Amino acid sequence: MLTYIPSPTVGALHLGPLAIRCYALCILAGIVVAVWLTQRRLEAKGGPEGAALDIATWAVPFGIVGGRLYHVITSPQAYFGKDGHPIDALKIWHGGLGIWGAIALGAVGAWIGCRRAGVRMAVLADAAAPGVALAEALGRWGNWFNNEVYGSATDLPWGLQIHEWDTLAGRAVTDANGNAIVLGTFHPTFLYESIWCVLLAIALLWLDRRRQFAPGQLFGLLLMGYTIERLIVEKMRTDPANVILGQRLNVWTSILVFLLGLALYLVAARRARSGNTEAAISHTEKSATTS
């Protein structure tokens, strides 16, 4: 009986000269699920048929570029440091996407897509919120295939076995006997995040069915819910990261994004109240004029 979670020794499927990275397949699976769920929710809110896919053709490329830019900018040593190779910054199939950059630039692409499809950005954001959480949950399994994104060493039954990894080859480094070299067992922070994101998606779907949110509020809840977990996981991770004032960069980013989500939630609520008040005043004035 295993007392740890095993990790793959191979992270790519080789079809002749073509290497299909499992990391990329996980990202793709997340995108497919997110677009499918967003379309269903958008249509339920009165959106046009097929709009989510049309918007995704703008949001996904922008998001991938944004995610890669964030990763490269916040981890420049790996590409522009002493032993780095700048060309590797383009090799997205080796792993390395930052969700903050993906959401930020993906939102720009989504805005363009919304303008073309005639969909309100806030409505699209709320429809997409649970799907975005599920996409992150699925995408995190790419880290499992790459033997990356883990915490400190542990002997807990759910400790994750990690191998010394050859990123270029997409497989574990082997010893003289051909056996994969094991570095030890560590906290599976990728798994913690994946589970949290699934629970977050379920919570967002449940809340959206039980109360009436102002446009934009559900997406604000997504940002706040995700960053709470991300703060905890970032404190657990032991992989190299740039530090500011004693904290990992993503800790500060998580705090800022949480505040952004809170502001979005409150502003959306205030706009809804303001709109309701204006509608009530207009109705009263119309009634008075009629009388």
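Residue positions within a chain follow its written sequence, with the count starting from 1. Residues qualify for local features only when their pLDDT is at least 70, as the model is predicted, and side-chain atom pairs are given and counted only at 80 or more; totals for whole chains, interfaces and linings, by contrast, use all residues. Excluded from the side-chain calculation are hydrogens and water; included are all heavy atoms of the structure.

Caption draft 1: How the structure looks around a nonpolar patch on the surface. Each patch groups residues whose relative accessible area exceeds 30% and which form no salt bridge, using 9 Å between like charges and 5 Å between nonpolar side chains of Val, Leu, Ile, Met, Phe, Trp and Tyr. The Shrake-Rupley method, run with a 1.4 Å probe sphere, supplies the accessible areas, and residue values consider only the shown protein chains as cover. Salt bridge, as used here, is a side-chain nitrogen of Lys or Arg placed within 4 Å of a carboxyl oxygen of Asp or Glu. There is a patch of nonpolar side chains on the surface, built from Ile244, Leu245, Trp252, Ile255, Leu256, Leu259, Leu262 and Leu266 and spanning about 760 Å² of accessible area. Secondary structure counts use DSSP, requiring at least four H or I residues in a row for a helix and at least two E residues in a row for a strand, with both numbered from the N terminus. Residue contributions to the nonpolar patch peak at six residues, all from helix α9 (residues 249-290). Among the structural elements, leucine 256 can be located in helix α9. Throughout, exposure labels follow a simple rule: accessible area from a 1.4 Å probe, protein chains only, divided by the maximum for the residue type, with under 20% read as buried, over 50% as exposed, and the rest as partly exposed. The exposure class of leucine 256 is exposed, given its relative accessible area of 59%.

Caption draft 2: Representation of the pairing of strand β2 (residues 18-21) in the model. Where strand β1 (residues 12-15) meets β2, four bridges bridge the pair, whose relative direction is antiparallel. Within β2, the residue paired with leucine 13 across the bridge is isoleucine 20. A pair of strands is labelled paired if DSSP reports no fewer than 2 bridges between them. Hairpin remark: β1 followed by β2, antiparallel, with two residues in the connecting loop; positive phi at glycine 16, about 65 degrees.

Caption draft 3: Up close: unusual backbone geometry. For asparagine 147, which is not glycine, the phi torsion reads 55 degrees and is therefore positive. For asparagine 147, the location among the structural elements is in the loop between α6 (141-145) and β3 (160-163). Take asparagine 147: its relative accessible area is 6%, and that puts it in the buried class. One non-glycine residue, leucine 245, lies in positive phi territory at about 55 degrees.

Caption draft 4: Region of interest: the packing of helix α1 (residues 22-44) against helix α2 (residues 51-74). Think of each axis as a best-fit line through the C-alpha atoms, taken over the contacting stretch in the case of a helix, with angles from 0 to 180 degrees between the N-to-C directions. Packing of α1 against α2 brings their axes to within 8 Å, and their N-to-C directions diverge by 140 degrees. Here α1 is positioned oblique relative to α2, judged by the angle of their axes. Seen from above, α1 lies across α2 with right-handed handedness. In contact with Ile31, Val35, Thr38, Gln39 and Leu42 of α1, α2 contributes Ala51, Ala52, Leu53, Ala56 and Val60. Angular relationships are summarised with four words: roughly parallel below 35 degrees, roughly antiparallel beyond 145, roughly perpendicular across 65 to 115, and oblique for the angles in between. Here is the rule for handedness: rotate from the far helix to the near one, and if that takes an anticlockwise turn smaller than a right angle the crossing is left-handed, while a clockwise turn gives right-handed. Note on definitions: a residue-residue contact is assigned when non-hydrogen atoms from the two residues lie within 4.5 Å.

Caption draft 5: Local environment of the pattern of salt bridges. Throughout the structure, instances matching the rule amount to nine salt bridges. Close ionic contact of glutamate 193 with arginine 140 constitutes a salt bridge, the shortest N to O distance being 3.0 Å. Here the residue glutamate 193 occupies a position in helix α7 (residues 189-210), and arginine 140 occupies one in the loop between α5 (121-139) and α6, the gap between them amounting to 53 residues. A salt bridge links aspartate 239 to arginine 237, with the shortest nitrogen-to-oxygen separation between them at 2.9 Å. Salt bridges linked by common partners bring Arg230, Glu234, Arg237, Asp239 and Arg248 together as one network.

Caption draft 6: Local environment of the confidence of the model for the protein. Each residue carries a pLDDT score, the predictor's confidence in it, ranging from 0 to 100. In this model, the protein carries an average pLDDT of 89, and 93% of its residues clear a pLDDT of 70 or more. Of all the helices and strands in the protein, α9 carries the lowest mean pLDDT, 77, while α7 carries the highest, 97.

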